[in-house]
Amino acid sequence: MTAELAAFPKVTGFLPVHYAICLKGIVWREGLRFLHQRERFVAALVRPLVWLFIFAAGFRQVLGVSIIPPYETYILYEVYITPGLMLLIQLFNGMQSSLSMVYDREMGNMRTLLVSPMPRWFLLSSKLVAGMAESLRQVYTFLAIAWF
Amino acid sequence: MTIAELPAVAIEGVSHSYGTRQALDDVTFSITPSTFAVLLGLNGAGKSTLFSLIMRLYAVQRGRIRIFGRDVGHASSEALRMVGVVFQQRTLDLDLSVIQNLIYHAALHGIGKYDSCARADDVLARIALSNRANDKVRNLSGGQMRRVEIARALLHRPRLLVLDEPTVGLDIKSRADTIGYVRRLVVEDGVSVLWATHLIDEVSDDDDVIVLHQGRVLVHGSVSRVLEAADARDIRAAFTWLTHGAEAATEVP
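Criteria and cut-off values
- Residues numbered from 1 in each chain as written.
- Chains lettered and ligands numbered in written order.
- Predicted model: local features only at pLDDT ≥ 70, side-chain atom pairs only at ≥ 80, totals over all residues.
- Heavy atoms only, no water.
- pLDDT = per-residue confidence, 0-100.
- Pairing = 2+ DSSP bridges.
- Helix = DSSP H or I, 4+ residues; strand = E, 2+ residues; numbered from the N terminus.
- Axes fitted to C-alpha atoms, helices over the stretch in contact; angles between N-to-C directions.
- Contact = heavy atoms within 4.5 Å.
- Expected span 1.5 Å × (residues − 1).
- Buried < 20%, exposed > 50% of the residue type's maximum accessible area, 1.4 Å probe, protein only.
- Arc of directions from axis to C-beta.

**Q** If you had to explain the confidence of the model for chain B to someone new, which residues and values would you point to?
**A** Within chain B, residue pLDDT values average 89, and 95% of them lie at 70 or more. ipTM for the predicted complex: 0.82, alongside a pTM of 0.84.

Spelled out as structure tokens, the structure:
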């Protein structure tokens, strides 16, 4: 048994590839959780889509940006507010991600993350990157729906 | 000194308090490699606090904790790579499948997907849950969830396994299966185990026993040493005598 223990590989530091694997794993897990919580996905998209399709469509005849520099053509209201709606999605997704961390803490999942041998700063950064990746996914989904 | 000669875990003068309440008071003990050590204590004895300190969930306020010679405070990455943990509270993600939970854990240790899938297949076969690999964790029984947690703790091939009351809430058969499986790990794989419990019947005659009470180590040694310290005939009587005796002693003005 002693020989068996002595045969264990020497513990060395992490290589960049290990950090990349860890980051990928955290982003992957957040993505999976997001897909499993379909109501969260729908709720995140409904708010800006309601704004875009109901308010913007309703006001398109009365609101818009005139042909003034830097614009060379009349800007419809729904086009004008689309970047704002994208930011709205990201804002609410940021709040959802924070709530998700609280939920993780309450359910004990956060411990899985915290007992990882990776540095804490890296784990926190990875969680933030995962949240950003989710918000970008929602933004592109929103843009795809808005396009059609 | 080779790694085989280093203590699996060495706790040296560790004290911890939550505000004014002292949870651990000058706790000192060490565990030799490839042993099954039982941390025996009543509820509130400080077992979970000690585990949280070992796993770096709390910063060590006073004292030192070393895992195979690596200080948890100063070389936490190296130390934590050698430890697998099963907490008292379940920490699996219920929305993910068994295999997804394992792959996620492996990624947190920097193990790639290909390697982690192979390791997951291996550990799931060992705990006889290969057929549930793609099931969501929320559909498993309590005993199966515990086995998955143990499998997850073993995925990165740790040298030390710490388990905080892992049999709480399990039926008799699941308890026996769980403790039997962990004991086999010690014998067959040379893993060192620190098993926290308040259930006396989980202690075997060959175990290393640490009796923790009100944040202090009352006695540490083999079962026979504990019996001798308490002048008792069985471990149940010894534990009762030690903990009640300690309570009586603290009540003396």
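**Q** Pulling in residues and values, what's your account of the sheet that holds strand S9 (residues 208-213) of chain B?
**A** All names here are of chain B. The strand order across the open sheet built from six strands is S6-S7-S8-S3-S9-S10, with neighbouring strands paired in mixed fashion. This sheet does not close on itself; its edge strands, each paired only once, are strand S6 (83-86) and strand S10 (216-222). Strand-to-strand, the axes of this sheet are offset by a mean angle of 15°, without reference to chain direction. Looking at chain direction, S9 and S10 are connected through six bridges and run antiparallel. Considered in S10, the bridge of Leu 212 is made with Val 217. Seen against the sheet, helix H1 (residues 47-54) touches strand S3 (36-40), strand S7 (160-164), strand S8 (192-197) and S9 and runs at an angle of roughly 145° to S8. Sheet strands touched by helix H5 (residues 142-154): S6 and S7. Its angle to S6, the strand with the most contacts, is close to 165°.

**Q** I'd like to hear about helix H4 (residues 113-126) of chain B, residue by residue, with values.
**A** Residue and element names in this part refer to chain B. Helix length check: H4 (14 residues) gives 20 Å between terminal C-alpha atoms against 20 Å at 1.5 Å per residue, within 8%. Those residues of H4 not exposed but buried are Ser 116, Arg 119, Ala 120, Val 123 and Leu 124. End-on view of H4: buried residues confined to an arc of 130°, all on one side of the axis. Note on H4: the residue one or two positions beyond its end, Ala 128, has a positive phi of about 55°.

**Q** Describe the sheet that holds strand S5 (residues 70-71) of chain B, with residues and values.
**A** Residues and elements named next belong to chain B. Strand order in this open sheet of four strands is S2-S1-S4-S5, and the pairing throughout is antiparallel. Bordering the open sheet on either side are strand S2 (21-31) and S5, each of which pairs with just one other strand. Inspection of the sheet shows strand S4 (residues 62-67) paired to S5 by two bridges, in the antiparallel sense. Bridge pairing in S5 links Arg 66 to Asp 71. Its contacts with the sheet place H1 against strand S1 (9-18), S2 and S4, and it is angled at close to 115° to S1.

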